[in-house]
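# Tertiary structure, described
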Amino acid sequence: GFMNGSEATQVALRVSALYCLACENPVCVDCMNGEHAEHPTDSLENIVDQHLAALQDRVDSAKNRLPQIREAVQCLRDILQQLNSQRSSIEEDIHSSFSELHKTLDTRKSVLLMELEVTYGLKQKVLQAQLDTLLQEEAAINYNCSLTGEALDGGNKAVILQTHKDVGERLSDLASQGLPLQPEENDQLDLMMEIEGLRKSIHNLGTIVTTNAVASQTEASGEGLEQCVVGQPATVIITTRDKSGGLCKTGNAIISAEVCTPDGSVADGEIVDHKNGTYEFQYTVKKEGNFSLALRLYDQHIKGSPFQLKVTSSPDDSSPTTTAANSPGSRSRQKGVRRGGSLFSTPKKKVNPIEDDLIFRIGTKGRNKGEFTNLQGVAACSEGKILIADSNNQCVQIFSNTGEFHSRFGVRGRSPGQLQRPTGVAVHPNGDIIIADYDNKWVSIFSSEGKYKAKLGSGRLMGPKGVSVDQNGHVIVVDNKACTVFIFQPSGKLVTKFGSRGNGDRQFAGPHFAAVNNNNEIIITDFHNHSVKVFNADGEFLLKFGSNGEGNGQFNAPTGVAVDVNGNIIVADWGNSRIQVFDGSGSFLSYINTAADPLYGPQGLALTSDGHVVVADSGNHCFKVYRYLQ
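Residues numbered from 1 in each chain as written. Predicted model: local features only at pLDDT ≥ 70, side-chain atom pairs only at ≥ 80, totals over all residues. Heavy atoms only, no water.

### Focus on the environment of Pro306
For clarity, the threshold we go by: The way it works is that DSSP assigns letters per residue, a run of H or I at least four long becomes a helix, a run of E at least two long becomes a strand, and they are numbered from the N terminus. The rule is simple: take the accessible area with a 1.4 Å probe, protein chains only, and divide by the maximum for that residue type; under 20% is buried, over 50% is exposed, in between is partly exposed.
Examined against the element boundaries, Pro306 turns out to sit in the loop between strand 11 (300–301) and strand 12 (307–312). With a relative accessible area of 40%, Pro306 lands in the partly exposed category.

### Topic: the pattern of salt bridges
Applied cut-off: In the sections that follow, a salt bridge refers to a side-chain nitrogen of Lys or Arg positioned within 4 Å of a carboxyl oxygen of Asp or Glu.
By the definition in use, this model includes 17 salt bridges. A salt bridge links Lys275 to Asp273; the nearest nitrogen and oxygen atoms lie 3.6 Å apart. One salt bridge in this structure joins Arg421 and Asp439, with 3.3 Å as the shortest N-O distance. Taken together, the positions of Arg421 in the loop between strand 19 (405–409) and strand 20 (422–427) and Asp439 in the loop between strand 21 (433–437) and strand 22 (442–446) put the pair 18 residues apart, joining distant regions of the chain. For Asp439, a relative accessible area of 14% gives the class buried. A single network of salt bridges, built from pairs that share partners, joins Arg361, Asp597, Asp617 and Lys624.

### Quick notes on the pairing of strand 23 (residues 452–456)
Remark: a regular strand shows side chains that alternate across the two faces of the sheet. Applied cut-off: DSSP bridges decide pairing: two strands pair if at least two such bridges lie between them.
Sheet topology places strand 22 next to strand 23; 4 bridges connect them, and they run antiparallel. Of the residues in strand 23, the one forming a bridge with Ser444 is Lys455. Counting the residues between successive antiparallel strands, the hairpin from strand 22 to strand 23 contains 5 residues, one of them, Gly450, with a positive phi of roughly 90°.

### So, the packing of aromatic side chains
What counts, and what does not: Each Phe, Tyr or Trp ring, with Trp reduced to its six-membered ring, pairs with another whose centre is within 6.5 Å; inter-plane angles below 30 degrees give stacked pairs, above 60 give edge-to-face pairs, and intermediate values give tilted ones. Sitting over a ring, as applied to charges here, requires NZ of Lys or CZ of Arg to be within 6 Å of the ring centre and within 35 degrees of the ring normal.
In the structure shown here, the tally under the stated rule is 16 aromatic pairs. Joined through ring pairs, the aromatic side chains of Phe545, Phe555, Phe582, Phe588 and Tyr591 make up one cluster. The aromatic ring of Trp442 is capped on one face by Lys455, whose charged end is 5.0 Å from the ring centroid.

### Description of helix 3 (residues 44–154)
The condition is simple: For a helix, the expected span equals 1.5 Å multiplied by the number of residues minus one. The bend at a residue is defined as the angle formed between two axes, one fitted to the seven residues ending at that residue and one fitted to the seven starting there.
Helix length check: helix 3 (111 residues) gives 159 Å between terminal C-alpha atoms against 165 Å at 1.5 Å per residue, within 8%. Along helix 3, the largest kink reaches about 25° and is centred on Pro67. All buried positions along helix 3 are accounted for by Leu44, Ile47, Gln86, Ser89, Lys123, Gln130, Glu137, Asn144, Thr148 and Ala151. Within two residues after helix 3, Gly155 carries a phi angle of roughly 70°, on the positive side.

### Details of helix 4 (residues 157–176)
What counts, and what does not: Residue contacts are defined here by distance: any two heavy atoms, one from each residue, within 4.5 Å place the two residues in contact. What qualifies as a polar contact is a pair of N or O atoms within 3.5 Å, subject to a donor-acceptor requirement within protein and to the restriction that residues adjacent in sequence count only when both atoms come from side chains.
Across its 20 residues, helix 4 extends 27 Å between first and last C-alpha, which sits within 8% of the 28 Å expected from 1.5 Å per residue. Where helix 4 bends most, the angle comes to about 45°, and this point is Val167. All of the buried residues along helix 4 are Thr163, Val167 and Leu174. Buried residues in helix 4 make contact with helix 3. Measuring from the backbone nitrogen of Ala158 back to the side-chain oxygen at the start of helix 4 gives 2.9 Å, which picks out Asn156 as the cap.

### A short note on the nonpolar core
Inside soluble globular proteins, nonpolar side chains tend to come together where they are buried. Worth spelling out the cut-off: Take the buried Ala, Val, Leu, Ile, Met, Phe, Trp, Tyr and Cys residues and link them wherever side-chain atoms come within 4.5 Å; each set so joined is a nonpolar core.
Within the largest apolar cluster, 25 residues are counted, with the highest numbers of intra-cluster contacts made by Val236, Ile238, Val259, Phe281, Tyr283, Leu293 and Leu295. Secondary structure elements with two or more residues in this core: strand 6 (234–239), strand 7 (255–260), strand 9 (278–284), strand 10 (289–297) and strand 12. Examining the composition of this core, we find that 4 residues originate from one element, strand 10, more than from any other. Core analysis: the second largest hydrophobic core is formed by 14 residues, Leu358, Ala572, Ile579 and Ile592 among them.

### Digging into the sheet that holds strand 39 (residues 613–617)
One key point about sheets: their strands pair by backbone hydrogen bonds, in either a parallel or an antiparallel sense. What counts here: Note on method: axes are straight lines fitted to C-alpha atoms, helices fitted across the in-contact stretch only, with angles between N-to-C directions ranging 0 to 180 degrees.
Spatially, 4 strands are ordered 13-40-39-38 in an open sheet, and the strand pairing comes out antiparallel. Strand pairing shows two members of the sheet lacking a second neighbour, strand 13 (358–362) and strand 38 (602–607), which therefore form its edges. Taking each pair of neighbouring strands and ignoring which way they run, the sheet shows an average axis angle of 20°. As judged from the 5 bridges shared by strand 39 and strand 40 (residues 622–626), these two strands associate in the antiparallel manner. Residue pairing across strands places Val615 opposite Lys624, the latter belonging to strand 40.

This is how it looks when you write it as structure tokens:
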């Protein structure tokens with residue numbers, strides 16, 4: 001009968017010591033003379049050894065894949081976990097944004113109902129009073145006429161005389177009394193509600209932003225990949241693609257670019273999102289040599305990254321020892337190029353035509369250096385620097401006291417060392433930079449160079465907005481959501497906390513920023529309570545000042561706060577878009593004149609080391625520096 005392949009092999013192995021290479025089977029001597037006569041053969045020993053070795057190789061190379069698979073699995077788990085935490089955090093944001101909207105709507109509803117009651121009440125009062133007066137007059141006329149009628153009917157002379165004496169005058173009074181007969185009010189009460197536009201806005205409110213881009217398919221192109229000339233901007237175009245290599249058509253992917261010298265320093269660069277799936281990275285290198293350019297999408301290297309760069313001193317010649325580099329011609333040409341590269345020029349200071357206290361303003365809306373999207377906290381340090389928390393660009397930007405851009409740092413994300421929404425910034429006496437991260441719900445500490453060191457308050461804070469440092473080097477954190485002030489040691493140990501939601505002395509409603517005076521007292525702006533409150537270092541209440549309104553010393557939601565050397569308190573008045581100055585006991589002293597170039601929703605405020613006031617003019621996407629006489 002027929003045997004299957006492995007049975008035939010077993011039999012052949014028992015009786016043969018040859019292997020037919022053509023048929024890939026062991027064969028016996030009989031077959032060698034029969035059907036396999038023309039086929040090449042080899043000794044079975046050799047072939048078995050070869051197959052053994054080949055199998056072993058395949059096992060090894062299969063096993064070699066395991067570490068790569070493990071790494072990929074870990075990477076995917078991390079991405080899934082990050083995705084999941086982004087989802088829950090966005091879910092929370094949506095809930096809180098909409099509950100805020102509900103609150104705003106409810107508040108508006110109560111205000112309208114109150115306005116209705118007041119307006120109705122005033123009109124109703126006027127009409128009712130007029131009605132009552134006329135009814136009284138009617139009753140008086142009827143009463144006096146009937147008295148007189150009785151007297152006349154009786155015909156008694158004495159009674160008539162007496163009545164004339166008593167009632168006559170009253171009757172002529174009533175007859176001539178010019179009481180208003182025309183209505184003194186009207187019945188108009190209407191409601192105007194511009195709902196359509198609002199409904200449209202609500203209909204399109206919020207967007208979930210993402211892309212399908214993956215690093216392994218994303219490509220870079222452009223002359224800036226291989227070569228670049230010292231001091232001249234070079235450009236790389238990054239094209240994002242999805243897992244199957246299809247072009248992504250939308251922007252907003254998270255891309256980072258680093259140009260590194262062998263000794264680790266980094267060149268200047270900007271990434272521009274063209275919002276169509278392509279991005280432009282423009283960078284300038286200050287010296288020649290071999291560099292590497294790392295382009296990452298979602299923290300993964302894109303195709304071909306890191307790229308090796310050769311930076312030379314002249315475009316015409318790739319050999320670095322060219323003399324052209326020292327000729328004046330090439331130097332001025334480089335300057336010309338630099339000036340044209342608007343991404344790298346220091347923002348122009350605007351000169352102020354009308355007189356107010358403004359010295360200069362810096363910034364416009366955008367994502368580049370010297371541009372801001374929703375700037376919040378401001379700090380100044382003794383080294384003559386101004387620090388800005390650029391909350392929607394997830395970074396801190398640093399400028400000199402004269403407004404020159406110095407540096408910026410911050411990578412968007414929800415891991416320690418990354419920033420999700422930096423709202424408050426302060427500088428520790430040791431030079432460290434302290435940042436309140438509203439969305440990550442912690443406070444991060446960076447070195448003065450922007451290197452991440454530690455975080456504090458994680459797990460305790462709900463929405464930290466402002467930070468400050470007291471005279472013991474403790475970090476004061478204003479938790480806007482929890483309506484609580486926390487005081488930490490830089491190590492992260494909690495020293496004390498005070499405050500809860502409400503309108504009592506030791507309570508807050510959405511507090512914003514903090515400052516510390518020479519007596520180590522803590523000054524807090526209490527946004528929705530329209531007041532400023534002062535506490536000692538243990539959190540005991542000392543005083544408060546301010547009420548809701550537009551008058552001197554009144555607030556419509558105070559935000560930024562600072563204290564000068566004399567203990568005077570400078571407060572940004574957000575809703576009234578102005579800056580007020582008070583003495584240490586809360587008496588109003590003056591305004592800073594901001595009339596010529598008005599503020600729009602000012603946020604953080606600080607005193608620079610040269611005695612000027614710097615304020616984040618959030619609605620105008622810039623910061624402004626004002627003269628201030630201490």
